[in-house]
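Survey of secondary and tertiary structure
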Amino acid sequence: MGLVTITRESLVDGRPLSEERARAWCAQLEAGDILYFPETPIAIPNDDLAFLLGQQQTDSSLHKNIAYKPIIDKLSGVDTKTADAAAVSRLQSIMRKYSQTVVKFLTEFLSPYHANWKLDYASFRPQEEQGRDLSLRRRNDLLHTDAFPTRPTHGARILRFFNNIHPTRTRDWVVGDPFAKMVHEFAPKEIAPEPDSAGSRAMKSLGRAVGLGAAIPSLKRSPYDDFMMRFHNFLKENPRFQSESPKYPWNFPAGSSWMVYTDTVPHAVLAGQYALEQTFLVSPEALVAPETSPLKVLEGIAGAPLV
Ligand code: SIN
Ligand code: FE
């Protein structure tokens, strides 16, 4: 688990990226590494940056961030009390361009994935992260793995690409040990599944074992999604995990980018302001090391299929 630095020179020397090199990047991501670009490979025009840096949401607890949905070309989370129509449409066009530029870059850089990813939301994060007043489960300064309450992935992985667009300040993260280690360390032994357990029963025992109470899988979510959501909540609500688990600080400089599987690498943002982000849902069949995926790790524990 660590940070893999990818310099600008290594990207712009004119060689097309080999399939083998791209598979190696995918393998590093799947192993829990952060791929870090000291100078972002994503071109954002200066006037777009200036516009973004001029934005500040008024009510910090109302929306965690501004989301852009590339598939339907829609913005959400915009403060309509203060934003005028021209500004909203400008923001939308900036987000559209950002999303397209990231997709174009990763289509080649992570070529083994692009036929099998689902483009999820992009986001603009204009608020200061330090000292935000959010409810416990929405806090991002507590170490957690990501899961979406309203968008179950059914085993697809959550891959996120970030840009720190603050002109001078770092975006300060801490990350923890990867998923498999954490699940085994913080979820006690009773996790062993019953021999005949169907997925949902296995998940109930998994849920009980980590002290979450009985998991009741909702209709929309698979047992896998249920566990991932409960695990997100469990980590944020668990003072022992927050204080005792290993933490590695990474401060991402102004103008840098990084990407990471946030469904398995525990992360928290402690300080920083102004970031852009694009999320991808990578299907299990695209993974270069599917046996290490959280789905396989959990199915190994449960002894039953979970999607
Ligand atoms: C998160 O996914 O927890 C937030 C990360 C960030 O905004 O830097
Ligand atoms: Fe997160």
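Below, the structure is looked at part by part. Predicted model only: the values in this text are computed from it and were never measured.

Along the polypeptide, Leu143 turns up in the loop between strand S5 (117–125) and strand S6 (157–164). Taking the C-alpha atoms as reference, Leu143 lies 9.9 Å from Asn238; in sequence the two are 95 residues apart.

Let us now look at the site of ligand 1. In the vicinity of ligand 1, the contacting residues are Arg125, Asn140, His144, Asp146, Arg160, Phe162, Arg171, Trp173, His267 and Val269. In this structure, His144 approaches ligand 1 through a side-chain N or O atom, which is 3.0 Å from an oxygen atom. Taking 260 Å² as the accessible area of ligand 1 by itself, protein coverage stands at 99%. For the shell around ligand 1, the class distribution of residues is 3 nonpolar, 3 polar and 4 charged.

So, on to the pattern of salt bridges. Counted by the stated rule, this structure contains 20 salt bridges. Of the charged contacts, one joins Asp48 and Arg90 as a salt bridge, the two residues approaching to 3.2 Å between their closest N and O atoms. Separated by 42 residues along the polypeptide, Asp48 in helix H3 (residues 46–53) and Arg90 in helix H4 (residues 85–109) bring together distant segments of the chain. The partner of Glu299 in a salt bridge is Lys296, and the shortest N-O contact between them spans 3.5 Å. Separated by 3 residues within a single helix, Glu299 and Lys296 lie in helix H9 (residues 294–302), roughly one turn from each other. In the salt-bridge network here, residues are joined through shared partners; they are Asp47, Asp48, Arg90 and Lys97.

Reading guide: rules and limits
- Residues numbered from 1 in each chain as written.
- Chains lettered and ligands numbered in written order.
- Predicted model: local features only at pLDDT ≥ 70, side-chain atom pairs only at ≥ 80, totals over all residues.
- Heavy atoms only, no water.
- Helix = DSSP H or I, 4+ residues; strand = E, 2+ residues; numbered from the N terminus.
- Near = heavy atom within 4 Å.
- Polar contact = N/O pair within 3.5 Å; in protein donor to acceptor, adjacent residues only side chain to side chain.
- Areas by Shrake-Rupley, 256 points an atom, 1.4 Å probe, with all protein chains shown as cover.
- Nonpolar A, V, L, I, M, F, W, Y, C, P; charged D, E, K, R; others polar.
- Salt bridge = Lys/Arg side-chain N within 4 Å of Asp/Glu carboxyl O.

Limitation: the analysis is restricted to geometry and does not speak to function.
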